Amino acid sequence: MADLMEDPISGTTAAQGASKKAFPRKVRVVPESLKKFREIHEQAAAGGPPEKIAAQKAKGKLTARERIAYLVDEGSFQELGLLMETRCTDFGIKDKHIKGDGVITGFGTINGRHTAIFSEDFTQLGGSLGRTHADKISKLMDMAADARIPVIGILDSGGARIQEGVDSLDGYGEIFYRNTKYSGIVPQISVILGPCAGGAVYSPALTDFVFMVKGISNMFVTGPEVVKSATGEEVDFETLGGSMTHASKSGVCHFVANSEQDCFRQVKELMGFLPQNRFEKPPTQATKDPDDRKIALLEKLCEVDPRKPYRVNHIIWWLADDHKLLEVHHDFAKNIVIGFIRLGGQVVGVIANNPAHMAGALDINASDKAARFIRFLNSFNIPILTLVDVPGYWPGVAQEHGGIIRHGAKLLYAYSEATVPKVTLVLRKAYGGAYIAMSSKLMGGDINFSLPSAEIAVMGPRGAVEILYSRQIKEAKEEDREALRAKLASEYSGKFASPYQTASTGSIDEVIEPSHSRGRLISAFRMLIGKRRPGENERTGNIPL
Ligand code: HXC
């Protein structure tokens, strides 16, 4: 029987090992299998040919592996499928033996929290998506959904791999299906870091948040060349699908960064506000900022002319813990501000009319922007704070023909559907349909506060007197009309343009001392922390609106 103390590799016993003679100094021979393993891994991990990597660097881009290293906690990434290759034999691509098939997939931690990550490698066949590439991403998404952890995709891809024909289109089908199936179950984030075309833009559009980097990221269904041959339009990459185009015009992009490093910092910041999945609550964070910190700015707001514009961001900064707001969609539909803050340590999603742009009125883009964000918040147990200062819906032929009725209805739907805690504070104006839309009490607002200076009415005083007293105004002498208008408007304001009539019917729960707003909001959200409503356990997907 072998000595139990015998080392199974060297064959020496503990007693022999104690003597120096038992370990004569000799060169260690690395076994063949280990050598081969290391060689394969080194070659696979190197990525594309050196000239392609150099071209990538020349554009100011990181490699696919460097990107993962920036994102995850050091040493935490565990790769899966490094050795997978294409099964396609056409165009000689199988003979290239591209290990990993142009995408790195695996798991890592971000600030200690597990996350699934894939990173496409533009230096390998332009990061194009073949069937194996797609299978790797799909498998990762399935595992992430099972493990209930977020998925971050880093995209740098020319879209469906032309050499693989319909097989690559089917690969995108698999991914779109999973983007949708897992929407509202685990957060999905897309980081666009290259010229992304075709399927490489539609999958991100199905995810919750899209990040782009100035001068590096492009998104388009078809590139400038195809546009020129199809429509005759001449357009460059940046104008057609650069970061600012998608951040300010199309609304496809939620966050813009100045560099890849800055982009990963922003991704991590966002992740800090999100739960891992729809079954958890977002992470709380202790703060030294006192709950009852007084806000003089809100007192000042009561004094100013109701038509005076101001940036609502200032009010959000004053309300939030440590004055921190992570704004989403900063450059799109600036008439409404959305983002994440903490109140008393608890994550809250904020939706606020912004009088600095279009007087804070609601239009098509603002409705879409807010409605989708509300649906995201509701999917992931994030309470909603609504700050109201809205003169109504933006009027005009372009809005009507563009479908403001259809788009505005999304906002009504999203607020009514949301079962997370909803607290509303009317800052100043809340008129007509827009008053109802902005999380009013009868649309399911849990607690609705108002400042004393708020004007809650069917419409503003000027508009109202033109309708109510049109005959009297017409019959008055021309020179007396303006004074009559002003007198009637003042009477109207006295009766309706205050929060008291609304408070008397219970549609405002309480008119509050402006400087105490932070404390009142924190108490309200704390009280609502255990809120449950029928239907809450049903999944709500975050459909792109
Ligand atoms: C195979 C591709 C590829 C693709 C790029 N490459 N796109 N290979 N399939 N779809 C390869 C190039 O041949 C080249 O290989 C390398 O990647 C780098 O590409 P370049 O053109 O040299 O780079 P650049 O000038 O930066 O232009 C990048 C690009 C352009 C804008 C992405 O390559 C391009 O327009 N590609 C096609 C985009 C496209 O139409 N995709 C199909 C979409 S259809 P070598 O060997 O020369 O280095 C789709 C279906 C989904 O995705 C359906 C959605 C509903």
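Residues numbered from 1 in each chain as written. Predicted model: local features only at pLDDT ≥ 70, side-chain atom pairs only at ≥ 80, totals over all residues. Heavy atoms only, no water.

Draft legend 1. A look at the overall build of the protein chain. Within the protein chain, the regular secondary structure consists of 22 helices and 17 strands. Across its three principal axes, the protein chain shows a C-alpha extent of roughly 115 × 65 × 40 Å. Within the protein chain, the proportion of its 545 residues that are buried is 51%. Surface summary for the protein chain: the accessible area is close to 25,700 Å², and the carbon and sulfur share equals 57%. Distance between charge centroids for the protein chain: 3 Å, based on 67 positive and 64 negative side chains. (Helix = DSSP H or I, 4+ residues; strand = E, 2+ residues; numbered from the N terminus. Buried < 20%, exposed > 50% of the residue type's maximum accessible area, 1.4 Å probe, protein only. Areas by Shrake-Rupley, 256 points an atom, 1.4 Å probe, with all protein chains shown as cover. Lys, Arg positive; Asp, Glu negative; His and termini not counted. Charge placed at Lys NZ, Arg CZ, Asp CG, Glu CD.)

Draft legend 2. Here's a closer look at the site of the ligand. Not every one of the 21 residues close to the ligand is listed here, only the nearest: Lys-52, Gly-126, Gly-158, Ala-160 and Gly-199. For the ligand, an oxygen atom lies 3.3 Å from a polar atom in the backbone of Gly-126. Note that a nitrogen atom of the ligand is positioned 2.7 Å from one of the backbone N or O atoms of Gly-158. Breaking the shell around the ligand down by element, the ones donating at least two residues are helix H6 (166–181), strand S6 (195–197) and helix H7 (199–206). Take the shell around the ligand: its biggest share by element is 3 residues, from H6. For the shell around the ligand, the class distribution of residues is 11 nonpolar, 7 polar and 3 charged. (Near = heavy atom within 4 Å. Polar contact = N/O pair within 3.5 Å; in protein donor to acceptor, adjacent residues only side chain to side chain. Nonpolar A, V, L, I, M, F, W, Y, C, P; charged D, E, K, R; others polar.)

Draft legend 3. Region of the structure containing the packing of helix H14 (residues 364–379) against helix H16 (residues 404–417). Closest axis-to-axis distance for the H14/H16 pair is 8 Å, and the angle between their directions is 25°. One way to sum up the angle between H14 and H16 is to call them roughly parallel. Both H14 and H16 take part in a crossing whose hand is left-handed. Facing H14, whose interface residues are Ile-364, Ser-367, Asp-368, Ala-370, Ala-371, Ile-374, Arg-375 and Asn-378, H16 presents Ile-404, His-407, Gly-408, Lys-410, Leu-411, Ala-414, Tyr-415 and Glu-417. Residue classes in the contact of H14 with H16 are distributed as 8 nonpolar, 4 polar and 4 charged. (Axes fitted to C-alpha atoms, helices over the stretch in contact; angles between N-to-C directions. Parallel < 35°, antiparallel > 145°, perpendicular 65-115°, else oblique. Left-handed = near helix turned anticlockwise from the far one by under 90°. Contact = heavy atoms within 4.5 Å.)

Draft legend 4. Geometry of empty space enclosed by the protein. For the coordinates displayed, the defined rule picks out 3 cavities of 30 Å³ or more. Taken as a whole, the largest cavity encloses approximately 80 Å³ of empty space. Along the wall of the largest cavity there are 14 residues; nearest its centre are Phe-118, Asn-179, Ser-190, Ser-203 and Thr-207. For the lining of the largest cavity, the secondary structure elements donating two or more residues are strand S4 (151–155), H6, strand S5 (188–192) and H7. (1 Å grid on protein atoms, 1.4 Å probe; cavity = no way out; pocket = protein on both sides within 12 Å on 5 of 7 lines; lining within 4 Å. Points joined across faces, edges and corners; volume = space filled by probe spheres on them.)

Draft legend 5. Summary view of the state of the cysteines. Going through the model one piece at a time under the given rule, you end up with 0 disulfides. We note that Cys-253 lacks a disulfide partner, and the nearest cysteine sulfur, in Cys-263, lies 8.8 Å from it. The buried category is assigned to Cys-253, whose relative accessible area is 1%. (Disulfide = S-S within 2.5 Å.)

Draft legend 6. Highlighting the sheet that holds strand S9 (residues 255–257). Pairing in this open sheet of 7 strands is mixed, and the strands run S1-S2-S3-S4-S5-S7-S9 from one edge to the other. Pairing within the sheet leaves two strands with one partner each, and these edge strands are strand S1 (78–80) and S9. Averaged over all adjacent pairs, the angle separating strand axes in this sheet is 20°, with direction ignored. Strand contacts of helix H4 (residues 64–71): S1, strand S2 (103–110), strand S3 (113–120) and S4, with the helix running at about 160° to S3, the strand carrying the most contacts. (Pairing = 2+ DSSP bridges.)

Draft legend 7. Inspection of the nonpolar core at higher detail. Counting 62 residues, the largest nonpolar core has Val-191, Phe-209, Phe-340 and Ile-351 as the members making the most contacts within it. Sorting elements by how many residues they give to this core places H14 first, with 7 residues. (Core = buried A, V, L, I, M, F, W, Y, C linked by side-chain atoms within 4.5 Å.)

Draft legend 8. View of the pattern of salt bridges. Evaluation of the coordinates by the stated rule reveals 33 salt bridges. Between Arg-161 and Glu-164 there is a salt bridge; the shortest N-O distance is 2.8 Å. Here Arg-161 matches Glu-164 in class, with each residue buried. By sharing partners, the salt bridges in this structure join Arg-87, Arg-131, Asp-135, Asp-167 and Glu-174 into a single network. (Salt bridge = Lys/Arg side-chain N within 4 Å of Asp/Glu carboxyl O.)

Draft legend 9. Examining the side chain of Ser-217 more closely. Residue position: Ser-217 is located in the loop between strand S7 (209–213) and strand S8 (218–220). Of the polar contacts made by the side chain of Ser-217, one reaches the backbone oxygen of Ile-192; its length is 2.5 Å. Polar contacts involving the side chain of Ser-217 include one to the main-chain amide nitrogen of Val-213, which spans 2.7 Å. Non-local contacts of Ser-217, meaning those with residues more than four positions away in its chain, are made with Ile-192, Leu-193, Gly-194, Met-212, Glu-238, Gly-241, Gly-242 and Ser-243.

Draft legend 10. Up close: the environment of Lys-214. Looking at where Lys-214 falls in the secondary structure, it is placed in the loop between S7 and S8. Once the C-alpha coordinates of Lys-214 and Leu-425 are considered, the two residues, 211 residues apart in sequence, prove to be 36 Å apart. Not counting residues within four places of it along the chain, the set of residues in contact with Lys-214 comprises Ser-243, Met-244, Val-256, Ala-257 and Asn-258. Within the structure, Lys-214 has its side chain in polar contact with the side chain of Asn-258 (distance 3.5 Å).

Draft legend 11. How the structure looks around the pairing of strand S13 (residues 384–390). Counting buried residues in S13 gives 7 out of 7 residues, a clear majority hidden from the surface. What you see with S13 is no split at all: Ile-384, Thr-386, Val-388 and Val-390 on one side and Leu-385, Leu-387 and Asp-389 on the other are buried throughout. As paired elements, strand S12 (residues 346–353) and S13 share 4 bridges and run parallel to each other. Considered in S13, the bridge of Gly-349 is made with Ile-384.

Draft legend 12. Region of interest: the packing of aromatic side chains. One pass over the structure, following the stated rule, counts 11 aromatic pairs. The interplanar angle of 10° and the centroid separation of 6.4 Å between the aromatic rings of Tyr-70 and Phe-264 together place this pair among those described as stacked. Highlighted residues: Tyr-70 in helix H4 and Phe-264 in helix H11 (residues 260–271), separated in sequence by 194 residues. Among the residues examined, Phe-264 registers a relative accessible area of 1% and is labelled buried. An angle of 85° between the planes, with centres 6.4 Å apart, marks the rings of Phe-340 and Phe-376 as edge-to-face. Here Phe-340, found in strand S11 (residues 336–343), pairs with Phe-376, found in helix H14; they are 36 residues apart in sequence, far enough to count as distant. We classify Phe-376 as buried; its relative accessible area is 2%. (Phe/Tyr/Trp six-rings, centres within 6.5 Å; stacked < 30°, edge-to-face > 60°.)

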